[in-house]
Amino acid sequence: MRLAEIKLLEEENKFDRLFLDRIGFRDGGNINAQGLNIVSLKGCPDNVNNLYVQDNLIDSLEFFPKNVQGNISLSGNKITSFKGLPRLTMGALRIAGNPITSFEGCPRDIGGNLNIANTKITSFHNIHKFINSINGMIYAHCCDLQDSMLGLLKIQGLTSIIIDDSNLSSILNSFIGTGDLLACQQELIDKGFEDFAKL
């Protein structure tokens, strides 16, 4: 890509046809538009294979594609809510480094890992009511977690969680996949993690 074309992309900062042509998008293909000061998903195609729009200025998931067949990377934007995402994602969902505060609007089923690191989420209260299944791990390091982690055991397919407190992480990971809420709750209480021993 020539310097003039990059400058044009920075000036356009939206998903119009010219922008999509410049990044080489074909219907149903990959969108790789990282760090281009994009402010909105308006004009984004309905059908995308993988969507990589991290490190932009997007603050809303309005106009999110109707169908993403692969991975979604929205990290490093200004997104405040999961609202606008589909109920099902086929691949991994990366939304780290955004000022999201809750799981409201999160896809029910996630086909890969979920990365919410460095967000404003402080609680996993009733996470199982928002997320039914994750085919992999949750990355939640650099989050100021305060309470309610027991619901993780109710998420189907979840393999583990990465958080800053290695002792808390170790307890949770030893029970994830077992469904044994009572034993996990007791272990958390016994080890001084009472606030986290709640749904």
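Above this text you will find the structure in question.
Residues numbered from 1 in each chain as written. Predicted model: local features only at pLDDT ≥ 70, side-chain atom pairs only at ≥ 80, totals over all residues. Heavy atoms only, no water.

(A) Representation of the overall build of the chain within the structure. Per the secondary structure count, the chain includes 5 helices and 11 strands. Going through the 199 residues of the chain one by one, you find that 46% of them count as buried. Of the contacts formed within the chain by residues at least 6 apart in sequence, a portion of 24% connects residues at least 24 apart. (Helix = DSSP H or I, 4+ residues; strand = E, 2+ residues; numbered from the N terminus. Buried < 20%, exposed > 50% of the residue type's maximum accessible area, 1.4 Å probe, protein only. Contact = heavy atoms within 4.5 Å.)

(B) Here's a closer look at helix H4 (residues 166–175). Of all the positions in H4, only Leu-168, Ser-169, Ile-171, Leu-172 and Phe-175 are classed as buried. In a view along the axis of H4, the buried residues occupy a sector of 165°, so they form one face of it. The outward face of H4, more than 90 degrees from its buried face, is lined by the exposed residues Ser-166 and Asn-167. Against the buried residues of H4 lie strand E11 (156–162) and helix H5 (181–190). (Arc of directions from axis to C-beta.)

(C) The arrangement of the pairing of strand E10 (residues 133–139) in detail. Burial analysis of E10 places 5 of its 7 residues in the buried class, the great majority of the element. Pairing between strand E8 (residues 109–110) and E10: 2 bridges, direction parallel. Its bridge partner being in E10, Asp-109 is matched across the sheet by Ser-133. Sheet topology note: the strand E9 (residues 114–115)/E10 ladder contains 2 bridges and is parallel. (Pairing = 2+ DSSP bridges.)

(D) View of the environment of Lys-154. Structurally, Lys-154 is set in the loop between E10 and E11. For Lys-154, a relative accessible area of 41% translates into the label partly exposed. Once the C-alpha coordinates of Lys-154 and Leu-181 are considered, the two residues, 27 residues apart in sequence, prove to be 8.4 Å apart. The residues contacting Lys-154, other than those within four sequence positions of it, are His-128, Asn-132, Leu-181 and Leu-199.

(E) Just the nonpolar core, in detail. Counting 54 residues, the largest nonpolar core has Phe-124 and Ile-138 as the members making the most contacts within it. Taken together, the elements giving at least two residues each to this core come down to E10, E11, H4 and H5. In terms of residues, this core owes the most to one element, H4, which gives 4 residues. Setting aside anything within four residues of it in sequence, one finds Phe-124 in contact with Phe-103, Ile-116, Ile-138, Ala-140, Leu-145, Asp-147, Ser-148, Met-149, Leu-152, Ile-161 and Leu-199. (Core = buried A, V, L, I, M, F, W, Y, C linked by side-chain atoms within 4.5 Å.)

(F) Structural view of the pattern of salt bridges. Counted according to the given criterion, the structure contains 3 salt bridges. Between Asp-46 and Lys-66 there is a salt bridge, and its shortest N-O distance comes to 3.9 Å. Taken as a pair, Asp-46 in the loop between strand E1 (31–32) and strand E2 (47–48) and Lys-66 in the loop between strand E3 (51–52) and strand E4 (67–68) lie far apart in primary sequence, 20 residues in all. In this structure, Glu-104 engages Lys-83 in a salt bridge whose closest nitrogen and oxygen atoms are separated by 3.4 Å. Placement of the pair is Glu-104 in the loop between strand E7 (93–94) and E8 and Lys-83 in the loop between strand E5 (72–73) and strand E6 (88–89), with a sequence separation of 21 residues. (Salt bridge = Lys/Arg side-chain N within 4 Å of Asp/Glu carboxyl O.)

(G) Spotlight on the side chain of Ser-133. Position of Ser-133 among the secondary structure elements: in strand E10. Classification of Ser-133 as buried rests on a relative accessible area of 16%. A polar atom in the side chain of Ser-133 sits 2.5 Å from the side chain of Asp-109. Not counting residues within four places of it along the chain, the set of residues in contact with Ser-133 comprises Arg-108, Asp-109, Ile-110, Ile-155 and Gln-156. (Polar contact = N/O pair within 3.5 Å; in protein donor to acceptor, adjacent residues only side chain to side chain.)

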